[in-house]
Amino acid sequence: GYMSLAEAMGVAADMKLPSGHLWPVPVVNIVPADQLPPGVGPFSRIALRDPNVEGNPVLAIQEIRTVETLSPADRAVVVGQVFGTADPNHPGVAAFTSMGDTLLSGPVQVLGYSYFRTDFPDTFRTAGEIRGEFEKLGWNTVVAFQTRNPMHCAHEELCRMAQQAVNADGILIHMLLGKLKPGDIPADVRDASIRKMVELYFPENTVMIAGYGFDMMYAGPREALLHAIFRQNAGATHFIIGRDHAGCGDYYGSFDAHTIFDEIPPDALQIQIFRGDHTVWCFRCEKVVMMRDCSHNREDYLLLSGTKAREMLYKGDPLPPEFARPEVAEILFAYYQTLNSR
């Protein structure tokens, strides 16, 4: 359920639950004080509604244990520890600071997953459902890849590199289906492009595509730990952490999401981390490489940022085939043309 103030502050400071288990990010239900219905207090039960669906159907029931105030000083501690910055332009900081100041703790009874079940029936899976599918497939070693973006050729090859390095039975491509920051590509477009890539460029029955209903926080290293726990719960044995995992802008170093795994106790996680370097197309090698494994120079690499790729798609310029599979680029191009026509 949702954490109390003491639990949230403990997680922010020490990345530990009261049980001692690793947990890097507070999970809290915070509302503006003036939106709290009269009489809500300990032992009350409230409905948690789906903001994504017309009519806001009830998704869960929360039993209230405590009603507490998150002070400005407490909020500053959480923001500083979790996001590593107090910059209000950081999308995660902006979202957290706009939530309100009344914290409602207590267990949650989940009733349904209406939005994700309805809009992504072939993709949304709970952790338990993913584990069950692994068992049916006979996959004992699984490498997981988190994505909030369409996958370009470097992502595709990074999955293959990790699979080969750990001799994995299969790959879990696990998409984030929740809210992103403005300008990111919506989930249905990502879903279609990733499915096309897997259909055409991976051997049959070697990749499982799934998604989970979580909003991106852009919390960098802390969120990388959380993402690892999610995939551990889903049954993956290995998890890919690439460059600037869960980052945005220049708030985090390129490999801060690697080093945080060196700062936790060695037995805190069961899942193992595959650490990916800058992954690029090398014209001299004539393939996608990780820079650490290639002896060539930067002028030999195709260095195309996501921002530059989006600019090209907006303009209708073709993406280089070394950067994106043509069938994937076609889906993305069609989406950006709808934006241009609005």
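Above this text is the structure in question.
Only a predicted model underlies this, so the values are computations on that prediction, with no experimental measurement involved.

A.B. asks: So what exactly am I meant to see when it comes to the overall build of the protein here?
C.D. replies: In terms of regular secondary structure, the protein is built from 11 helices and 14 strands. Scaling as 2.2 N^0.38, a compact globule of 342 residues should have a C-alpha radius of gyration of about 20 Å, and the protein matches this with 21 Å. Burial analysis of the protein (342 residues in total) assigns 47% to the buried set. Contacts spanning at least 24 positions in sequence make up 67% of the contacts within the protein whose residues lie at least 6 apart. Here the protein has roughly 16700 Å² of accessible surface; of this, 50% comes from carbon and sulfur atoms.

A.B. asks: Where do I start with the packing of aromatic side chains in this structure?
C.D. replies: Aromatic ring pairs: the centre-centre distance and the angle between the two ring planes describe each pair. Under the definition given, this model contains seven aromatic pairs. On the basis of an interplanar angle of 15° and a centroid distance of 6.1 Å, the ring pair of Y212 and F214 is categorised as stacked. Since its relative accessible area comes to 22%, F214 is described here as partly exposed. One aromatic cluster in this structure is built from Y212, F214 and F230. Across the ring face of F96, the terminal group of R75 is positioned such that the distance to the ring centre comes to 5.7 Å. In this arrangement the basic side chain of R325 is found over the ring face of Y201, its NZ or CZ atom lying 3.7 Å from the centre.

A.B. asks: Help me understand the environment of S71, please; the structure alone is not making it clear to me.
C.D. replies: Take S71: it is sitting in the loop between β4 (66–69) and α2 (72–83). It is 42 Å that separates the C-alpha atoms of S71 and A309, two residues lying 238 residues apart in sequence.

A.B. asks: Even after reading the chapter, I still don't get the packing of helix α10 (residues 306–315) against helix α11 (residues 326–340), so can you show me in this structure?
C.D. replies: When two helices pack together, their arrangement is given by the angle between the helix axes and by the axis-to-axis distance. Two elements in contact, α10 and α11, have axes whose closest approach is 8 Å; the angle formed by their N-to-C orientations is 65°. In terms of orientation, α10 lies roughly perpendicular with respect to α11. Crossing angle aside, the handedness with which α10 passes α11 is right-handed. Residues R310, L313 and Y314 of α10 touch α11, and the partners they reach there are A329, L332, F333, Y336, Q337, L339 and N340. Here the residues of the contact of α10 with α11 are counted per class, giving seven nonpolar, two polar and one charged.

Calculation notes
- Residues numbered from 1 in each chain as written.
- Predicted model: local features only at pLDDT ≥ 70, side-chain atom pairs only at ≥ 80, totals over all residues.
- Heavy atoms only, no water.
- Helix = DSSP H or I, 4+ residues; strand = E, 2+ residues; numbered from the N terminus.
- Rg over C-alpha atoms; globule rule 2.2 N^0.38 Å.
- Buried < 20%, exposed > 50% of the residue type's maximum accessible area, 1.4 Å probe, protein only.
- Contact = heavy atoms within 4.5 Å.
- Areas by Shrake-Rupley, 256 points an atom, 1.4 Å probe, with all protein chains shown as cover.
- Phe/Tyr/Trp six-rings, centres within 6.5 Å; stacked < 30°, edge-to-face > 60°.
- Lys NZ or Arg CZ within 6 Å of the ring centre and 35° of its normal.
- Axes fitted to C-alpha atoms, helices over the stretch in contact; angles between N-to-C directions.
- Parallel < 35°, antiparallel > 145°, perpendicular 65-115°, else oblique.
- Left-handed = near helix turned anticlockwise from the far one by under 90°.
- Nonpolar A, V, L, I, M, F, W, Y, C, P; charged D, E, K, R; others polar.

Structural measurements only, silent on function.
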